[in-house]
Amino acid sequence: MTSYLVVGASRGIGLAFVKQLSANPQNKVFAGVRNVESSIHLQPLLSRPNVHAIKLDMTDVISLKAAAEEVARINHGKLDILIINAGLTGSGKPFKDCTYEEIIEEHSMFTNNVLGPVLTIKAFLPLVSQGAQKKIIAISSANADSEFILTVGFDKGATYTATKAALNAYITKLSLQYRQEGIVFRSICPGLVDTGATRDPPILDQSRYEPRLKQIKPLFPDFKGPLTPEQSVDAVLEVIDKTTMADSGTFVSHKGNKDWL
Ligand SMILES: NC(=O)c1ccc[n+]([C@@H]2O[C@H](COP(=O)([O-])OP(=O)(O)OC[C@H]3O[C@@H](n4cnc5c(N)ncnc54)[C@H](OP(=O)(O)O)[C@@H]3O)[C@@H](O)[C@H]2O)c1
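Note that the structure is a prediction, hence the values are computed from the model and not measured.

1. Observations concerning the packing of aromatic side chains
- Using the criterion set out here, one finds four aromatic pairs in the structure.
- For the ring pair Phe251 and Trp260, a centre distance of 4.6 Å and an interplane angle of 35 degrees mean the geometry is tilted. Per residue, the accessibility class of Phe251 equals that of Trp260, and both read buried.

What follows is the structure in structure tokens.
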């Protein structure tokens, strides 16, 4: 049996991880959410015997310690694979239109997207070190790949991009610090994924992708449009499965390479 903790499992890609993983009775899945009661999309999955809801906020050390104790209690002190999926995306407002106050306000995203995952790693490392697979996966973004961003010309979301680049840097450094202990770290981008259906309220209008698709299509004619969360997760799980110590510290796409779309 393989045990997984998916952090940020209330909706979107995290929810799809829980859905796909728990479909296999050989997996034990811990679904990490800030609020179990309000996670309405997760609720139906909690009746599956191999799914456990774990209350957890990445930025709250007390909550992380309690969550790690709970997982340790249920899973005999170990965890095979930690997937840190949770993240915030921010306003995407162009830099030239931002006031000083808005820039400072948006930088709280560093607390959530960088400090949060680092504290989460700190809390769960003792369990992962006892696991059979010893893998820590950070869900990052192709936005953190400068070459890709320059190619497609995505200019918005600088702060979000900076948080994911910083997260990748942590993953690379920690991979070196924990290599001797056999713990594998990797950053993986899930692709461009339409998670609108599990937003509150749901966003089902596909036309919001049009400006981005206009930029992408001429450069990547084979690109078919955003993935569903399930398509993304199937691909990312294959990458996680194939990940070995030789890959530790690297940053790849849902295809396991630098093909981001
Ligand atoms: N969708 C894409 O196209 C895309 C592309 C590249 C990368 N990504 C990355 O993939 C990940 C998932 O994206 P998504 O589109 O599924 O996002 P989403 O629908 O906005 O869901 C984000 C999840 O993160 C949780 N979360 C945020 N901060 C948290 C915290 N401090 N502690 C615990 N949980 C927290 C949210 O929980 P609440 O319900 O409590 O708010 C929610 O479950 C993110 O890291 C994102 O940056 C997404």
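2. Section: the sheet that holds strand 1 (residues 2-7)
- With parallel pairing, seven strands are arranged side by side in an open sheet as 3-2-1-4-5-6-7. A strand with exactly one partner marks an edge of an open sheet, and here the two such strands are strand 3 (51-55) and strand 7 (251-252).
- Looking at chain direction, strand 4 (residues 81-84) and strand 5 (residues 135-139) are connected through four bridges and run parallel. Across the sheet, residue Ile83 finds its bridge partner in strand 5, namely Ile137.
- Set on the sheet, helix 6 (residues 158-177) makes contact with strand 5, strand 6 (184-188) and strand 7; between it and strand 6 the angle comes to about 160 degrees.

3. Structural notes on the site of the ligand
- In the vicinity of the ligand there are 25 residues, among which Ser10, Arg11, Asn85, Tyr160 and Val193 approach most closely.
- The separation between an oxygen atom of the ligand and a polar main-chain atom of Ile13 is 2.8 Å.
- Within the contact set of the ligand, an oxygen atom lies 2.9 Å away from a side-chain nitrogen or oxygen of Lys164.
- In isolation the ligand has 910 Å² of accessible area, and contact with the protein removes 89% of it.
- Across the shell around the ligand, the residue classes break down as ten nonpolar, ten polar and five charged.

4. Re the packing of helix 1 (residues 12-22) against helix 8 (residues 229-242)
- Between helix 1 and helix 8, the shortest axis-to-axis distance is 9 Å and the interhelical angle comes to 65 degrees. As far as their axial angle goes, helix 8 and helix 1 are roughly perpendicular. Where helix 1 crosses over helix 8, the two elements pack in a sense that is right-handed. Contact with helix 1, carried on its side by Gly12, Ile13, Ala16, Phe17, Lys19, Gln20 and Leu21, involves Pro229, Glu230, Val233, Asp234, Val236 and Leu237 of helix 8 and no other residues of that element.

5. Some details on the side chain of Lys28
- In this structure, Lys28 sits in strand 2 (residues 27-33).
- Among buried Asp, Glu, Lys and Arg side chains, Lys28 stands out as unpaired, with Asp80 the closest opposite charge at 9.0 Å.
- Looking at Lys28, its side chain comes within polar contact range of the side chain of Asn75, at 3.1 Å.

6. Let's talk about the pattern of salt bridges
- Inspection of the entire model under this criterion finds nine salt bridges.
- Across the pair Asp155 and Lys156 runs a salt bridge whose closest N-O atoms are separated by 3.9 Å.
- Looking at Lys156, the relative accessible area reads 49%, which means it is partly exposed.
- Ionic pairing is found between Asp259 and Lys255, a salt bridge with its closest N-O pair at 3.1 Å.

7. What about the pairing of strand 6?
- Buried residues dominate strand 6, accounting for five of its five residues.
- With five bridges joining them, strand 5 and strand 6 adopt parallel strand pairing. Pairing of Ile137 across the sheet is with Arg186, part of strand 6.
- Bridge analysis of strand 6 against strand 7 gives two bridges, and the strand direction is parallel. The residue of strand 7 that forms the bridge with Ile188 is Val252.

8. Remarks on unusual backbone geometry
- A cis amide bond links Asp200 to the next residue, Pro201, at an omega of 0 degrees.
- Mapped onto the fold, Pro201 is located in the loop between strand 6 and helix 7 (210-216).
- Positive phi outside glycine occurs at His76, with the angle close to 55 degrees.
- Counting through the fold element by element, His76 comes out in the loop between helix 2 (61-74) and strand 4.
- A relative accessible area of 66% places His76 in the exposed class.
- With phi around 55 degrees, Lys134 is a residue other than glycine that occupies positive phi space.
- Its place among the elements puts Lys134 in the loop between helix 4 (108-128) and strand 5.

What counts as what
Residues numbered from 1 in each chain as written. Predicted model: local features only at pLDDT ≥ 70, side-chain atom pairs only at ≥ 80, totals over all residues. Heavy atoms only, no water. Phe/Tyr/Trp six-rings, centres within 6.5 Å; stacked < 30°, edge-to-face > 60°. Buried < 20%, exposed > 50% of the residue type's maximum accessible area, 1.4 Å probe, protein only. Pairing = 2+ DSSP bridges. Helix = DSSP H or I, 4+ residues; strand = E, 2+ residues; numbered from the N terminus. Contact = heavy atoms within 4.5 Å. Axes fitted to C-alpha atoms, helices over the stretch in contact; angles between N-to-C directions. Near = heavy atom within 4 Å. Polar contact = N/O pair within 3.5 Å; in protein donor to acceptor, adjacent residues only side chain to side chain. Areas by Shrake-Rupley, 256 points an atom, 1.4 Å probe, with all protein chains shown as cover. Nonpolar A, V, L, I, M, F, W, Y, C, P; charged D, E, K, R; others polar. Parallel < 35°, antiparallel > 145°, perpendicular 65-115°, else oblique. Left-handed = near helix turned anticlockwise from the far one by under 90°. Lys, Arg positive; Asp, Glu negative; His and termini not counted. Salt bridge = Lys/Arg side-chain N within 4 Å of Asp/Glu carboxyl O.

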